[in-house]
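Observations on the three-dimensional arrangement
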Amino acid sequence: MRVPEHCLADLRERGYMVFEGFLDVDELAAAQEALWRHYPRPEEYFTDPAAHAWLARSQWAGEVRAPWRSWDLNRLAFHPDLLDLAERFLGSADLHLYNAELWAKYGGAVDYEQAHHRDFGNHSLVVPKRSDPATQLQTWILLSDVGDDDGPTKVVPLSVAESVPYWPETLDGSSNDYMNYLAAGAFADSEVSVTGPAGTLFCLRTDTVHRGSRMTGERSSRFTLLADYEVWGPRWTGRIAWAADSLSPDWAELIERATPRERSVFGFPAPGDPYWDEQTLADTQARYPRADLTAYLTGHGAAPA
Ligand SMILES: O=C(O)CCC(=O)C(=O)O
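What you see is a predicted model; the values in this text were computed from it and never measured.

Thresholds applied
Residues numbered from 1 in each chain as written. Predicted model: local features only at pLDDT ≥ 70, side-chain atom pairs only at ≥ 80, totals over all residues. Heavy atoms only, no water. Axes fitted to C-alpha atoms, helices over the stretch in contact; angles between N-to-C directions. Helix = DSSP H or I, 4+ residues; strand = E, 2+ residues; numbered from the N terminus. Parallel < 35°, antiparallel > 145°, perpendicular 65-115°, else oblique. Left-handed = near helix turned anticlockwise from the far one by under 90°. Contact = heavy atoms within 4.5 Å. Nonpolar A, V, L, I, M, F, W, Y, C, P; charged D, E, K, R; others polar. Phe/Tyr/Trp six-rings, centres within 6.5 Å; stacked < 30°, edge-to-face > 60°. Buried < 20%, exposed > 50% of the residue type's maximum accessible area, 1.4 Å probe, protein only. Lys NZ or Arg CZ within 6 Å of the ring centre and 35° of its normal. Core = buried A, V, L, I, M, F, W, Y, C linked by side-chain atoms within 4.5 Å. Domains from an automatic or database assignment. Buried area = accessible area lost by both parts, 1.4 Å probe. Salt bridge = Lys/Arg side-chain N within 4 Å of Asp/Glu carboxyl O. Polar contact = N/O pair within 3.5 Å; in protein donor to acceptor, adjacent residues only side chain to side chain. Near = heavy atom within 4 Å. Areas by Shrake-Rupley, 256 points an atom, 1.4 Å probe, with all protein chains shown as cover. Patch = residues over 30% accessible without salt bridge, like charges linked within 9 Å, V, L, I, M, F, W, Y side chains within 5 Å.

What follows deals with the packing of helix H1 (residues 5-14) against helix H5 (residues 80-90). At a minimum axis distance of 11 Å, the contact between H1 and H5 shows a crossing angle of 50°. Relative to H5, H1 is oriented oblique. Regarding H1 and H5, the two cross each other, and that crossing is right-handed. The residues of H5 that touch H1, namely those facing Glu-5, Leu-8, Leu-11 and Arg-12, are Leu-85, Arg-88 and Phe-89. Residues that form the contact of H1 with H5 fall into these classes: four nonpolar, no polar and three charged.

This is how it looks when you write it as structure tokens:
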């Protein structure tokens, strides 16, 4: 569902927004079913956690980067209403999907508690420019219901955290590590728990202070899909290069089913790009035989600048 203007205003003013009902019932159900191609169902996990020890190696063990094993998941990373939101927030249609991950957490697997931090530390080589619009947008789609016991993200409104410098001396005097963590307990009174039913969209900027929290429910599980957007341009930002994974069958299906606009968020050359000529078109068609590449022949449907 299209993200309403008041949510966008929250994102601009508070540094985060939460929108329930972002996914419709069918797209949510299809994505949830596809999760089990990557993860054990909760009942399966809790019957024998030791059989899934890979999920307990660290609090980040449950992250799986795109492309995923189902179009029903892949398409959510560039859902039309997500692209619409990113375009409205970042102020440009020339969007770059600079990371996409699934993240599964299971109660008792590991301690998911984190200190408050800002994520730009591993999304940029430098620090964010204090500009409007902000330069990076992180989006999280909740694929399971998230209540207070399910390790909800805790987010701190911009007005509360903006006095803390981007690369602070730690507030407790300990040495500052690579993740610019803030002192334990900081903002405990002002942080907001991001709870909501499956299908909710949560967004924040990479300079918004937040943290992961402990799962307190004995058999809690939480499944999320993360997609990070920026505008193409800077050389100092990003997370990954999509070409590194572009030999997998999941990638081929993604390119073959996506529209030219959707492909362009991965860096696939847009219609009208000087890259396209008779040779590149024929050879790219050989690489992706089921893709409709006619737009690249005609130049129609070029990604707007
Ligand atoms: O999982 C979460 O709710 C937040 C995690 C987080 O902030 C992080 O790992 O940087």
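Let us keep going from here.
All right, on to the packing of aromatic side chains then. Scanning the entire structure with this criterion turns up 21 aromatic pairs. Taking 6.4 Å as the distance between ring centres and 20° as the angle between the ring planes, the aromatic pair formed by Trp-242 and Trp-251 counts as stacked. For the pair Trp-242 and Trp-251, one class covers both residues: buried. Taking 4.9 Å as the distance between ring centres and 80° as the angle between the ring planes, the aromatic pair formed by Tyr-275 and Trp-276 counts as edge-to-face. A relative accessible area of 39% means that Tyr-275 is categorised as partly exposed. Cluster of aromatic residues (ring-pair linked, three or more members): Trp-36, Tyr-39, Tyr-45, Phe-46, Trp-54, Tyr-106 and Phe-223. For Arg-130, the ring lying beneath its charged end belongs to Tyr-166, and the centroid distance is 3.9 Å.

A word on the nonpolar core. Residues Phe-78, Leu-143, Leu-201 and Tyr-229 are the most contacted members of the largest nonpolar core, which totals 64 residues. Taken together, domain 1 (5-237) and domain 2 (243-305) each give at least three residues to this core, which thus spans both. Filtering out sequence-adjacent residues up to four positions away, Phe-78 remains in contact with Trp-71, Leu-83, Tyr-229, Leu-254, Ala-258, Glu-262, Val-265 and Phe-266. Core analysis: the second largest hydrophobic core is formed by eight residues, Trp-140, Val-155, Phe-202 and Leu-204 among them.

Our focus in this paragraph is the domain arrangement of the chain. Splitting the chain by domain gives domain 1 (5-237) and domain 2 (243-305). A separation of 29 Å is found between the C-alpha centroids of domain 1 and domain 2. Facing the 17 residues of domain 1 at the interface are 16 residues of domain 2. Each partner contributes to the roughly 1,400 Å² buried at the junction of domain 1 and domain 2, and carbon and sulfur atoms together form 64% of this total. Counting the surface domain 1 buries against domain 2, the share from its top three residues, Pro-67, Trp-71 and Phe-78, is 43%. Joining domain 1 to domain 2, the criterion identifies one salt bridge. For the pair domain 1 and domain 2, the interface holds three residue pairs in polar contact (both at pLDDT 80 or more).

Let us now look at the site of the ligand. Taken together, Trp-60, Trp-103, Lys-105, Gln-114, His-117, Asp-119, Trp-140, Thr-153, His-210, Gly-212 and Arg-222 make up the full set of residues near the ligand. In this structure, Trp-60 approaches the ligand through a side-chain N or O atom, which is 3.1 Å from an oxygen atom. Within the side chain of His-117, an N or O atom sits 2.8 Å from an oxygen atom of the ligand. The fraction of the free accessible surface of the ligand (300 Å²) that becomes covered by protein chains is 94%. Here the shell around the ligand is composed, by residue class, of three nonpolar, five polar and three charged.

Residues Leu-125, Val-126 and Trp-236 make up a contiguous nonpolar surface patch of about 360 Å² in total accessible area. A relative accessible area of 45% places Val-126 in the partly exposed class.

Quick look at the side chain of His-96 now. Secondary-structure assignment places His-96 in strand S3 (residues 95-106). Apart from residues no more than four positions distant in its own chain, His-96 is found in contact with Asp-228, Tyr-229, Glu-230, Val-231, Trp-232 and Val-265.

A word on helix H7 (residues 249-257). Working note: α-helix, 3.6 residues per turn, so residues spaced by three or four point in the same direction. For H7, every residue scored as buried is listed here: Trp-251, Leu-254, Ile-255 and Glu-256. On the buried face of H7, the contacting elements are helix H4 (71-74) and helix H8 (260-264).

Positionally, Glu-44 belongs in helix H3 (residues 42-47). With relative accessibility at 42%, the residue Glu-44 sits in the partly exposed group.

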